[in-house]
Amino acid sequence: MVSRNGGVVVIGELNVDLVASGLETVPILGHEILAQGFQITLGSASAIFASGIRRLGHPVTFISKVGADDFGRYCKQALEDLSISVDYVQVNRASMTGVTISLSTNQDRALVTYLGAIAELKLEEVPLGILKGHRHLHMTSLFLQHALRPSFPTIFREARKMGLTTSFDPNSDPSQSWRPDIWDVVSQTDILFVNETEAQQLSREADVEKALGWLGANAPCVVIKRGSLGAMAIQHGKIAFEPGFPVQAIDTTGAGDSFAAGFIDAYMRGGDLSLCLQTGNACGAMSTLQVGGTTGQPTQSQLANFLQERGEASDTTKVVLNSQGQEF
């Protein structure tokens with residue numbers, strides 16, 4: 001069992017990613033296109049975040065459900081190989097493990113997901129007592145977790161009662177309905193992560209800066225991920241923007257979740273808003289340099305080297321260099 005003292009708990013979906021990368025164009029029905037690469041990797045926004053924050057040195061406990069199949073065994077083993085606790089990952093013989101097919105170009109990707117066990121995890125299957133002893137709770141993919149979705153506010157509320165900080169990344173709503181219950185979750189969240197499109201849809205503001213201000217009036221800290229353009233955030237009325245790091249991206253799968261892991265890493269180490277954004281941008285950029293959402297994620301020393309090479313060696317590097325003892 002992995003020690004969870006002072007660590008991060010992630011409650012969420014778990015699936016494999018089947019990644020076809022290096023597509024020159026998006027697929028067109030009735031036509032065939034070629035991929036430059038293909039890989040089976042650990043998937044899901046929750047698992048990619050968990051992997052990223054673990055590589056950066058934080059103990060992680062993962063709570064989820066998979067099927068009793070090869071993909072489920074693959075997911076659990078991949079988490080165990082990262083020294084992430086899977087004691088609370090349930091295996092249901094009546095279910096199939098979720099699968100996401102990722103079709104990735106150098107600029108973006110399209111996702112096709114089969115939910116399977118992702119949609120089945122219920123509140124009564126989540127041992128809330130194990131939150132005690134952790135420092136932070138992260139949850140994502142609200143619209144995919146059908147059975148657990150009504151209980152997101154309860155889970156966040158209990159976590160905050162136990163002294164945990166919380167972060168929430170709803171991810172896109174496949175139905176595009178964005179029902180009002182999302183605000184019940186946001187009200188219990190310390191940090192809200194959204195991408196530019198999600199920010200515009202949630203706020204009904206076409207201008208991203210206006211969207212940030214509107215969302216900032218409804219949550220303590222809001223972070224808008226903008227891919228290669230970097231990221232912007234607002235916290236208690238203070239706005240910060242940090243540009244992205246130019247890299248030759250191979251696969252953008254999970255870059256936003258790697259960004260969130262970097263942001264939370266700096267946040268848990270006491271970094272200010274700009275430092276958190278810089279760290280998130282670096283982790284997101286580095287994750288695109290290899291195929292799959294987790295294979296390119298950095299350790300603290302790799303992150304420090306990346307930042308030093310790009311001239312971001314001030315407070316950011318001090319934070320990561322001071323934490324070398326927490327690497328594994």
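Before any of the text, the structure's been laid out above.
Residues numbered from 1 in each chain as written. Predicted model: local features only at pLDDT ≥ 70, side-chain atom pairs only at ≥ 80, totals over all residues. Heavy atoms only, no water.

Quick word on the sheet that holds strand β6 (residues 98–104)
To be explicit about the condition: Any two strands are treated as partners once DSSP identifies two or more bridges connecting them. A run of H or I in DSSP becomes a helix once it reaches four residues, and a run of E becomes a strand once it reaches two; helices and strands are each numbered from the N terminus. For helices, the axis comes from a line fit to the C-alpha atoms of the stretch in contact; other axes are also lines fit to C-alpha atoms, and the angle between any two N-to-C directions lies between 0 and 180 degrees. Any pair of residues with heavy atoms lying within 4.5 Å of one another is described as a contacting pair.
The 4 strands are arranged β3-β2-β6-β7 in an open sheet whose pairing can be described as mixed. Bordering the open sheet on either side are β3 (37–43) and β7 (109–114), each of which pairs with just one other strand. The average angle at which neighbouring strand axes cross in this sheet is 20 degrees, direction not considered. Two strands pair when backbone bridges link them, and strand β2 (residues 15–21) and β3 are joined in this way by 7 bridges, in the antiparallel orientation. Residue S21 lies in a different strand from β3, and its bridge partner there is G37. On top of the sheet, helix α2 (residues 70–81) reaches β2, β3 and β6; it is set at about 75 degrees to β3, its chief contact.

A short note on the pattern of salt bridges
This is how it is decided: Any Lys or Arg side-chain nitrogen found within 4 Å of a carboxyl oxygen on Asp or Glu counts as a salt bridge. With a 1.4 Å probe rolled over the protein chains alone, any residue whose accessible area is under 20% of its type maximum counts as buried; one over 50% counts as exposed, and the rest are partly exposed.
For the structure on display, the rule yields 9 salt bridges. Here D265 makes a salt bridge to R269, at a shortest N to O gap of 2.7 Å. Judged by relative accessible area, which is 1%, D265 ranks as buried. Overall, R269 belongs to the partly exposed group, its relative accessible area being 21%.

Topic: the side chain of T294
Examined against the element boundaries, T294 turns out to sit in the loop between α8 (273–287) and α9 (300–309). Setting aside residues up to four positions removed in sequence, T294 forms contacts with L42, I48, S51 and R55.

Topic: the nonpolar core
Where we set the bar: Buried Ala, Val, Leu, Ile, Met, Phe, Trp, Tyr and Cys residues that are joined via side-chain atoms within 4.5 Å together make up what is termed a nonpolar core.
Counting 39 residues, the largest nonpolar core has L14, F62, V223 and F263 as its most contacted members. Ranked by the residues each element gives to this core, the list is headed by helix α7 (residues 255–268), at 7 residues. With residues near it in sequence (within four places) discarded, F263 still touches I191, F193, C221, V223, L273, C276, L277 and G280. With 36 residues, the next largest nonpolar core counts V9, I11, W178 and V194 among its residues.

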